[in-house]
Amino acid sequence: MLLPGVEGVAPGKVVILGAGNVGSNALAVAHGIGARVSVFAKTGKRFPALKERFPNAEFAIGEASKSLINADLVIGGVLTPGQMSPKLVSREMLREMRRGSAIVDVGIDQGGIAETSRPTSHSEPTYIEEGVVHYCVPNMPAACARTASLALERAVLPFVSMLLKNQFNADLASGIQVKAGKVTHEHLAGDTGRAYSRL
């Protein structure tokens with residue numbers, strides 16, 4: 001399937017689950033190449049800005065199961081910091097999808113958004129389950145190491161500076177998930193079945 005389509009052939013259908021950083025970047029690429037795009041999210045908080053930039057995309061709050069049936073590509077970009085990825089795509093939903101369609105599960109680092117997702121690698125990046133091609137490579141940004149490193153530096157450097165200045169505050173404390181071998185993040189403890197310990 002050529003996602004932009006060609007003259008006389010309709011473009012492919014891309015369904016994006018999540019409207020955060022991953023979802024909005026996936027939208028920019030899919031929209032930019034001319035695919036038909038639908039974005040689903042838990043809330044519509046980011047929709048107004050995205051609708052302004054991508055007026056031809058469709059946006060909806062809630063479940064995407066009916067749209068998955070006609071999808072050529074599903075991109076799962078749901079992340080809740082400190083929690084495992086919610087299972088948004090069941091095996092039954094996959095069975096309804098067109099054979100040969102694909103799912104890219106960016107949330108695989110936190111367990112994946114599909115019931116059938118399991119980590120793969122850059123050397124063997126895909127597998128087929130229920131007739132749907134799965135791409136579930138953890139740490140996908142590593143494929144573009146320079147860009148990923150610069151983005152990570154930009155995100156982390158302010159916190160490193162705080163640590164160097166001994167300025168431990170609430171923002172920094174909220175990022176601590178394990179300390180001295182104890183899980184200090186309540187959601188992570190629940191998701192992993194470990195005891196929760198307050199900081």
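Just so you know, these numbers come straight off a predicted model, no measurement behind them.

Undergrad: Describe the pattern of salt bridges, listing the residues and the values that go with them.
TA: A full pass over the atoms with the stated rule returns 7 salt bridges. As a salt-bridge pair, Arg98 and Asp72 come within 2.7 Å of each other at their nearest N and O atoms. Taken as a pair, Arg98 in the loop between helix H4 (91-96) and strand S5 (102-105) and Asp72 in the loop between helix H3 (65-68) and strand S4 (73-76) lie far apart in primary sequence, 26 residues in all. By relative accessible area, which is 10% here, Asp72 ends up buried. Two residues, Glu130 and Arg95, come together in a salt bridge whose shortest N-O distance is 3.3 Å. Separated by 35 residues along the polypeptide, Glu130 in the loop between strand S6 (126-129) and strand S7 (132-135) and Arg95 in helix H4 bring together distant segments of the chain. Overlapping salt bridges bring together Arg91, Glu92, Arg95, Arg118, Glu129 and Glu130 as one network.

Undergrad: Can you lay out the nonpolar core for me, pointing to particular residues and giving the numbers?
TA: With 22 residues, the main nonpolar core has Val14, Ile16, Leu27, Val37 and Val39 as its most contacted residues. Apart from the residues within four sequence positions on either side, Val37 is in contact with Lys13, Val14, Ile16, Leu27, Ala30, His31, Ala57 and Glu58. Membership of the second largest hydrophobic core comes to 16 residues, among which are Val15, Ala71, Met97 and Ile113.

Undergrad: Let's hear about helix H1 (residues 21-32): which residues, and what values?
TA: When the terminal C-alpha atoms of H1 are compared, their 16 Å separation across 12 residues agrees well with the 16 Å that a helix rising 1.5 Å per residue should span. Taken residue by residue, H1 has Gly23, Ser24, Ala26, Leu27 and Ala30 as its buried positions. Buried residues of H1 fall within an arc of 160° about the axis and therefore sit on the same side. Exposed and oriented more than 90 degrees from the buried face of H1 are Asn21, Asn25, Val29 and Gly32. Following H1 by one or two positions, Gly34 has its phi on the positive side, about 95°.

Undergrad: Pulling in residues and values, what's your account of unusual backbone geometry?
TA: The backbone phi angle of Asn166 is positive, close to 55°, even though this residue is not glycine. Although it is not a glycine, Ala180 sits at a positive phi angle of roughly 55°. For Ala180, the location among the structural elements is in the loop between strand S8 (178-179) and strand S9 (182-183).

What counts and how
Residues numbered from 1 in each chain as written. Predicted model: local features only at pLDDT ≥ 70, side-chain atom pairs only at ≥ 80, totals over all residues. Heavy atoms only, no water. Salt bridge = Lys/Arg side-chain N within 4 Å of Asp/Glu carboxyl O. Helix = DSSP H or I, 4+ residues; strand = E, 2+ residues; numbered from the N terminus. Buried < 20%, exposed > 50% of the residue type's maximum accessible area, 1.4 Å probe, protein only. Core = buried A, V, L, I, M, F, W, Y, C linked by side-chain atoms within 4.5 Å. Contact = heavy atoms within 4.5 Å. Expected span 1.5 Å × (residues − 1). Arc of directions from axis to C-beta.

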